[in-house]
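# Coordinate analysis (summary)
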Amino acid sequence: MPVDDVQRMRQALALAERAEKEDDEVPVGALLVDADGRVLGEGWNRNIGEHDPTAHAEIVAMRAAGRQLGNHRLPGCTLYVTLEPCAMCAMAMVHARIARVVYAAADPKTGAAGSVFDLLADARHNHRVAVTGGVLAGEAGAMLSNYFRRKRGRLAP
């Protein structure tokens, strides 16, 4: 596992922690970097607080990067996210021409990077996104599990 992937995922995990601690959102964080490693956008889940079903961490990070670049295309970029992208986020990555996504925990219910669907590698699209999964999966999975346990009253805050 490349050291840079681990370092970047740690940054995404810190963003996920902010989602939970600052906004009481599901702890998912995302970081988008260009080919030179420059951070172009970051985000965490904001869909509950913003009453916006599209405000997933990945979308928030891609929107910030697009604004910074002045472009809806993000070629050569890598998106680091603490949970495997859903179908909405995966297709946004395809449309943005993201080069690579690195995720931590797999999502066995709605994962669209190979767990349930494999939208990012589908040959029918005019662009495919390279996928690396499982980077710091244990840490991300524990963060998510503990969040939901607390919400259900099964774990002390």
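Counting of residues starts from 1 at the beginning of each chain's written sequence and follows it residue by residue. A pLDDT threshold of at least 70 governs which residues receive local features in this predicted model, and a stricter bar of 80 or more applies before side-chain atom pairs are shown or counted, although totals over entire chains, interfaces and linings include all residues. Excluding hydrogens and water, the side-chain values take into account all heavy atoms of the structure.

- The protein chain appears in an unreviewed UniProt entry as tRNA-specific adenosine deaminase from Luteimonas salinilitoris.
- UniProt positions are given in the numbering used here, feature names are shortened, and annotations may be inferred rather than shown by experiment. The record held by UniProt for the protein chain lists under Sequence similarities (unreviewed entry) the comment "Belongs to the cytidine and deoxycytidylate deaminase family. ADAT2 subfamily."

## Looking at the UniProt feature "binding site: Zn(2+)" (unreviewed entry) in the protein chain
- When the UniProt feature table is mapped onto this chain numbering, "binding site: Zn(2+)" (unreviewed entry) sits at His56, Cys86 and Cys89. These annotated residues cover 34 residues of sequence, but their C-alpha atoms sit close together, with the largest distance between any two at 9.3 Å.
- Among the secondary structure elements, His56 is positioned in the loop between β2 (39-44) and α2 (57-69).
- Any residue under 20% of the maximum accessible area for its type is buried, any over 50% is exposed, and the rest in between are partly exposed; the area is computed with a 1.4 Å probe on protein chains only. Judged by relative accessible area, which is 21%, His56 ranks as partly exposed.
- If near-sequence neighbours (up to four positions away) are discounted, His56 is found in contact with Asn45, Asn47, Cys86, Met88 and Cys89.
- Per the convention used, a helix needs a DSSP run of H or I reaching at least four residues, while a strand needs a run of E reaching at least two, with both numbered from the N terminus. With respect to the helices, strands and loops of the structure, Cys86 is situated in the loop between β3 (78-83) and α3 (87-96).
- Looking at Cys86, the relative accessible area reads 15%, which means it is buried.
- The residues contacting Cys86, other than those within four sequence positions of it, are His56, Glu58, Thr110 and Ala112. In what follows, residue pairs with any heavy atoms lying within 4.5 Å of each other are defined as contacts.

## Some words on the pattern of salt bridges
- Salt bridges are counted wherever a side-chain nitrogen of Lys or Arg sits within 4 Å of a carboxyl oxygen of Asp or Glu. What the rule picks out here adds up to 12 salt bridges.
- Between Asp4 and Arg8 there is a salt bridge, with its nearest N and O atoms 3.9 Å apart. One end of the pair, Asp4, and the other, Arg8, are both in helix α1 (residues 3-23), four residues apart, so they sit about a helical turn from each other.
- The exposure class of Arg8 is buried, given its relative accessible area of 12%.
- Measuring nitrogen to oxygen at the nearest pair gives 2.5 Å for the salt bridge that ties Asp23 to Arg46. Pair noted here: Asp23 is in helix α1 and Arg46 is in the loop between β2 and α2, with a separation of 23 residues, a long-range link.
- By relative accessible area, which is 29% here, Asp23 ends up partly exposed.

## Observations regarding the UniProt feature "active site" (unreviewed entry) in the protein chain
- The residues that UniProt annotates with the feature "active site" (unreviewed entry) are Glu58.
- Following the sequence through the fold, Glu58 ends up in helix α2.
- For Glu58, a relative accessible area of 4% translates into the label buried.
- Sequence-distant contacts of Glu58, that is, excluding residues within four places in its chain, are made with Ala30, Leu79, Val81, Leu83, Pro85, Cys86, Cys89 and Met93.

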